[in-house]
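Listed here are the chains, written in short residue letters.
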Amino acid sequence: MSKYDSRLFLDENSSNAKILKQVRKNTQVLEFGCACGKMTRYMKEQLGCSVYIVEMDEEAFHSAMAYAQDGLCADLEQMEWLERFADVKFDSIIFADVLEHLRRPDLVLKKAGSLLKDDGMVLLSVPNIAHSDILVNLYENNFQYMPLGLLDDTHIHFWGSKNLEKFCNDAGYQVVVEDATRVEPFLSEQGQWIDSEKKTFYAQLLYGKEQYDVYQFLYTLQKKEYAAAYGLRKICKIERKFFGMNGSVIFDYGSGFAPETVQELYPVKSYEDRFYYEIHVPQGAQHVVFHPVREKACIVFNLQAVSDRSGSIVPVQVKGTVLQNS
């Protein structure tokens, strides 16, 4: 009896769940680094897929083979799978937290394209080296490997958002979906090294950082030729959030500002020291109060509001702890 548990527990913020939602039913899937086969089992039993696997750990491999159409127990960087599955074309190829463990992830990703159908997808997840907890630890001159997580002690490649897309493009792919899992600062496994008495100070250091809570990036890739032929462009599902920059808006429908009308706001874009917000004013609202940031005082330079109906500048009145300097 195997020591491995092949049951899969999914939640909306897990990389496994986000990947599996994109696997089409009754398709052919190549899963690299399947471990004991939790996703393999789900794809076979819940999605009706024919799953082919590559896994280096022998015991995990035999556990996963109970749910696989075919498989190879080998170091995937030896490329034996290219010959083993040469006669199969896959609808999906999965690298779930795999590429960061490889010496030549660029070469493996590029070669995998030869086994992909013209309209097939590569589904991958990798950790975000720029997560706030790692940055805070670096500020303290601490780079701490652990058995699991962002700095798994077998990780030998790291990516941030700006170089991950280039990595995929160089391997011959177009990013068609960009998504992420998120963990708030100080709450990841790396957070245990952070001095709790200094968290207020560290929060000030992180103030205004974009993607501060992105734990893993999840990319859906398609071949460049296919993406170009069908005009596919990247869909970004990562909500733009800036640490400490969440504001709020409250509406008055004629009877005063009621708490139930408060809406959270995040900048839709930023440029240098400018932040741009979109406020959708409900029909019937007579007055609007906008708080650019919550629980902080700030200096506002050249505050302007533009109506998307008329394109005209809307008068803005500044009150409270927000100081305007124009």
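See the structure above.
Residues numbered from 1 in each chain as written. Predicted model: local features only at pLDDT ≥ 70, side-chain atom pairs only at ≥ 80, totals over all residues. Heavy atoms only, no water.

A. Focus on the environment of D75. Relative to the assigned elements, D75 resides in the loop between β3 (70–73) and α4 (80–84). With a relative accessible area of 26%, D75 lands in the partly exposed category. Between the C-alpha atom of D75 and that of G33, which follows or precedes it by 42 residues, the distance is 9.3 Å. Polar side-chain contacts of D75 include one of 2.9 Å to the backbone nitrogen of E77. (Helix = DSSP H or I, 4+ residues; strand = E, 2+ residues; numbered from the N terminus. Buried < 20%, exposed > 50% of the residue type's maximum accessible area, 1.4 Å probe, protein only. Polar contact = N/O pair within 3.5 Å; in protein donor to acceptor, adjacent residues only side chain to side chain.)

B. Quick peek at the pairing of strand β9 (residues 247–252). Buried residues dominate β9, accounting for 6 of its 6 residues. The side-chain alternation of β9 yields two buried faces, one formed by G247, V249 and F251 and the other by S248, I250 and D252. The pairing of β9 with strand β10 (residues 263–265) spans 3 bridges and is antiparallel. Across the sheet, V249 pairs through a bridge with Q263, a residue of β10. (Pairing = 2+ DSSP bridges.)

C. Examining the packing of helix α6 (residues 132–139) against helix α8 (residues 199–206) more closely. Put simply, α6 and α8 touch, their axes get as near as 11 Å, and they point 110 degrees apart. Our classification of the angle between α6 and α8 gives roughly perpendicular. For the element pair α6 and α8, the recorded crossing hand is right-handed. For the pair formed by α6 and α8, the contact residues are S132, V136 and Y139 on the first element and F201, Y202, L205 and L206 on the second. When the residues that make up the contact of α6 with α8 are grouped by side-chain class, the tally is 6 nonpolar, 1 polar and no charged. (Axes fitted to C-alpha atoms, helices over the stretch in contact; angles between N-to-C directions. Parallel < 35°, antiparallel > 145°, perpendicular 65-115°, else oblique. Left-handed = near helix turned anticlockwise from the far one by under 90°. Contact = heavy atoms within 4.5 Å. Nonpolar A, V, L, I, M, F, W, Y, C, P; charged D, E, K, R; others polar.)

D. Local environment of α6. Along α6, the residues classified as buried are S132, D133, I134, V136 and N137. Its buried side turned inward, α6 meets α8. The first or second residue beyond α6 is N141, which carries a positive phi of 60 degrees.

E. Spatial organisation of helix α5 (residues 105–112). Taken as a whole, α5 has its buried residues at P105, V108, L109 and A112. For α5, the angular spread of the buried residues around the axis is 95 degrees, confining them to a single face. (Arc of directions from axis to C-beta.)

F. Here's a closer look at the packing of aromatic side chains. For the structure shown, the criterion picks out 14 aromatic pairs. Taking the centre distance of 4.7 Å and the plane angle of 10 degrees together, the rings of F32 and F95 count as stacked. Within this pair, whereas F32 is found in strand β1 (residues 28–32), its partner F95 is found in strand β4 (residues 90–96), the two being separated by 63 residues in sequence. The buried category is assigned to F32, whose relative accessible area is 1%. Accessibility expressed as a relative area gives 0% for F95, which makes it buried. Cluster of aromatic residues (ring-pair linked, three or more members): F32, W81 and F95. (Phe/Tyr/Trp six-rings, centres within 6.5 Å; stacked < 30°, edge-to-face > 60°.)

G. A look at the pattern of salt bridges. Evaluation of the coordinates by the stated rule reveals 14 salt bridges. Between K234 and E165 there is a salt bridge; the shortest N-O distance is 2.9 Å. One end of the pair, K234, is in the loop between α9 (224–229) and β8 (235–236); the other, E165, is in helix α7 (residues 161–170), with 69 residues separating them in the sequence. Of the residues examined, K234 reaches a relative accessible area of 34% and is grouped as partly exposed. Accessibility expressed as a relative area gives 22% for E165, which makes it partly exposed. Between K234 and E178 there is a salt bridge, and its shortest N-O distance comes to 3.7 Å. On the criterion of sequence distance, the pair formed by K234 in the loop between α9 and β8 and E178 in strand β6 (residues 173–182) is long-range, its members being 56 residues apart. Given the relative accessible area of 6%, E178 is considered buried. Each of the salt bridges in this network shares a partner with another, and the network as a whole consists of R182, E184, D213 and K241. (Salt bridge = Lys/Arg side-chain N within 4 Å of Asp/Glu carboxyl O.)

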